[in-house]
Amino acid sequence: MHRSIIRFAEQHWQCPARCASSAARRRKVLRSVFPVLDQPLLPIQRHVYEANLRHSIACHKKYSELKEKVRKGGGESGIARHTQRNRKLLVRDRLHLLLDDEDFLELSPFAGLGLPYGDIPSAGCLTGIGRINGLWCLFIANDATVKGGTAYPITVKKQLRAQEIAIQNRLPCVYLVDSGGAFLPLQSEIFPDKNQGGRTFYNEAIMSAMKIPQVAVVCGSCTAGGAYIPTMAEEAVMVHRIGTIFLGGPPLVKAATGEEVTPEELGGARLHAEVSGCVDHFAWEEKEAFDYTRNIISTLNFQLPEEEEEGMKRDAGEEPLFSSEELLGLAPQSYGHSLDVKMIISRLTDGSRFQEFKARYGTTLVTGFAKISGHLVGIVANNGVLSYDAALKGSHFVQLCDQRDVPLLFLQNTAPAAALTLSAAQAEVNSNRLKAQGSMMSAVACALVPKITVVIGGCHGADSYAMCGRAFDPNFLFLWPNARVSLTAPGHAASLLPPDEEQQEENLNERLKEESSAFFSSGRMWDDGVVLPQDTRKVLGDSLDIIKQQRYQLSTEKQRSVVLRV
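Residues numbered from 1 in each chain as written. Predicted model: local features only at pLDDT ≥ 70, side-chain atom pairs only at ≥ 80, totals over all residues. Heavy atoms only, no water.

## Quick word on the pattern of salt bridges
Side chains that differ in charge, positive against negative, can pair when their charged atoms come close.
Part 1 of the reasoning: Taken as a whole and assessed by the stated rule, the structure comprises 20 salt bridges.
Part 2 of the reasoning: The salt bridge involving Asp-542 is made with Lys-538; its shortest N-O contact spans 2.7 Å. Pair noted here: Asp-542 and Lys-538 are both in helix 21 (residues 536-548), with a separation of four residues, about one helical turn.
Part 3 of the reasoning: Residue classification places Lys-538 among the partly exposed residues on the basis of a relative accessible area of 42%.
Part 4 of the reasoning: One connected set of salt bridges, linked through shared partners, spans Lys-88, Arg-94, Asp-178 and Glu-286. (Salt bridge = Lys/Arg side-chain N within 4 Å of Asp/Glu carboxyl O. Helix = DSSP H or I, 4+ residues; strand = E, 2+ residues; numbered from the N terminus. Buried < 20%, exposed > 50% of the residue type's maximum accessible area, 1.4 Å probe, protein only.)

Put into structure tokens, the structure is as follows:
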């Protein structure tokens, strides 16, 4: 009897995706009228708000400068060589032809800036998520104006993170390949290790096994290891004259055999479409290639809600009662300039509504339910030190959201340094706090629901792990420009050093100030991008939309046939 019940439960939960998606379209969302968070700016808070605002304006200026720098790609000479001599479209023009509109979520645009081996704008490739025929798709697009499309260690890291996002959210993936292969002087940081170059091809195979669609467009060089990307994709499109696929180019052939051969003869579109069969579609020009790609995406087995099938965008939900521009003054320039986090929540959620959970317990952590662009989320937000009570509360709430399949949003602003132990009583408090934080970390790590983290202030020490930092694998992690990411905050190096080390403390604080900035972090891919506070609501709405799309794929798993033994 017990076994039959288990079998029934397994059959029930293995209902085909078709049934699940049709049921989701019929299901009415439960009506909710959460209380309004009435959090206006008070006169007593004005001086802190204005100090934060001045700092945010300075951060915005730096953000705009870097944005302009990465949009220029490889600079005037690189652009001229790419467009005039090689007759190729710029990467953003290619995306204009591929995507439904220019309203896409770009990932890690500042990756590659300020590295020891120089500036590599956007890490030499654009990654992001945009709509193709109404379907959210992830794209990885080489920018050949940057060092001729050469792959640096940061390029590989960015591509692997994009594939990880595609796997985590079951997103169709489109590769726009235009790369000259690895940068050989740094081959030891590109080739040998587990999470380096070869992992790209491993991920392609795993994604194919998971039935995550992949399409490659060869619109430039596809040399050495890069040649495997289109050959391992489900379908490949190749552009005449500008697209080539080979392991070693004409110079290598001549050096090895003395034979002179043109790139087109060695690995052009005609050869691979008519002789080798490595590509499935031959395009005379780039526009035709992207028309092919859009048509391929239309054959994927997704059944979107009716409004999305008709090209209509989702309802953005009820706007907050307060202006999103006020978030600039609520973004703390330091931990001491933090205002009540409920003021930030009230400027992000639909109608500024928020159903708080355990409002009177562990008040240095705010937890509760809200809607963002119509999506129900559970919010976990720092509002002070993550104390024993606060960590237990966080653990409870995270498990509650996991039980109800509600996505989690973490608003992270952790304490600048670990608590000191100066007495036996303090030692007991800190020990209990450690146990409670460990419980919260376990809850966050084991929760199977989607998780999004936004660092709105500090990301320091072990508290950041409990608040779903990078190591705890959130679906997306974004920083505000004012954010700081480091083991301890600048000015608090003394907590890490023995007494009477003033010179070392001063040096370490200077280093922390430089290395903890949001732009330093983003240059090294410790996050998925820096977003402006006033744009956060839209970014969160798009992210939740993207996460939800996997429900609409009809063919996620095939029933395995019974093995017959002779």
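## Notes on the environment of Asp-193
Part 1 of the reasoning: Residue position: Asp-193 is located in the loop between strand 4 (173-179) and helix 7 (199-209).
Part 2 of the reasoning: Judged by relative accessible area, Asp-193 falls into the exposed class, the value being 52%.

## Considering empty space enclosed by the protein
One way to see where empty space is left: roll a probe the size of a water molecule over the atoms.
Part 1 of the reasoning: For the coordinates displayed, the defined rule picks out two cavities of 30 Å³ or more.
Part 2 of the reasoning: Approximately 50 Å³ is the volume attributed to the largest cavity.
Part 3 of the reasoning: As for the largest cavity, its lining consists of Ile-140, Asn-142, Gln-159, Tyr-175, Leu-176, Val-177, Thr-200 and Ile-229.
Part 4 of the reasoning: Contributing elements (two or more residues each) for the lining of the largest cavity: strand 3 (135-142) and strand 4.
Part 5 of the reasoning: Looking at the lining of the largest cavity element by element, the count peaks at three residues for strand 4.
Part 6 of the reasoning: Residues belonging to the lining of the largest cavity are distributed by class as follows: five nonpolar, three polar and no charged.
Part 7 of the reasoning: Here the second largest cavity defines a volume of roughly 40 Å³. (1 Å grid on protein atoms, 1.4 Å probe; cavity = no way out; pocket = protein on both sides within 12 Å on 5 of 7 lines; lining within 4 Å. Points joined across faces, edges and corners; volume = space filled by probe spheres on them. Nonpolar A, V, L, I, M, F, W, Y, C, P; charged D, E, K, R; others polar.)

## Description of the confidence of the model for the protein chain
In low-pLDDT regions, the fine details of the predicted coordinates are not to be read closely.
Part 1 of the reasoning: The predicted model of the protein chain has a mean per-residue pLDDT of 90, with 91% of residues at 70 or higher.
Part 2 of the reasoning: Under a pLDDT of 50 for its full length, residues 561-566 has, in the predicted model, zero contacts with residues more than four places off or in other chains. (pLDDT = per-residue confidence, 0-100. Contact = heavy atoms within 4.5 Å.)

## Some points on the sheet that holds strand 15 (residues 476-479)
Either a parallel or an antiparallel arrangement is found when strands of a sheet pair, and the pairing is made through backbone hydrogen bonds.
Part 1 of the reasoning: The strand order across the open sheet built from six strands is 9-10-11-12-13-15, with neighbouring strands paired in mixed fashion. Where the open sheet ends on each side, the last strands, each with one partner, are strand 9 (355-357) and strand 15. Each strand axis lies, on average, 20 degrees off the axis of its neighbour in the sheet, ignoring direction.
Part 2 of the reasoning: Judged from the five bridges that link them, strand 12 (residues 408-412) and strand 13 (residues 451-455) form a sheet pairing that is parallel. Note on strand 13: the bridge partner recorded for Leu-411 is Val-454. (Pairing = 2+ DSSP bridges. Axes fitted to C-alpha atoms, helices over the stretch in contact; angles between N-to-C directions.)

## Considering the layout of surface pockets
Part 1 of the reasoning: Approximately 680 Å³ is the volume found for the second largest pocket.
Part 2 of the reasoning: Lining the second largest pocket are 30 residues, with Lys-67, Asp-103, Phe-104, Leu-105 and Glu-106 positioned closest to its centre.
Part 3 of the reasoning: Counting only elements with at least two residues in the lining of the second largest pocket, the list comes to helix 3 (46-71), helix 5 (91-98), strand 1 (105-107) and helix 21.
Part 4 of the reasoning: Tallied by class, the residues present in the lining of the second largest pocket amount to 12 nonpolar, four polar and 14 charged.
Part 5 of the reasoning: The residues that make up the lining of the second largest pocket include at least three from each of domain 1 (84-300) and domain 2 (324-418 + 425-550). (Domains from an automatic or database assignment.)

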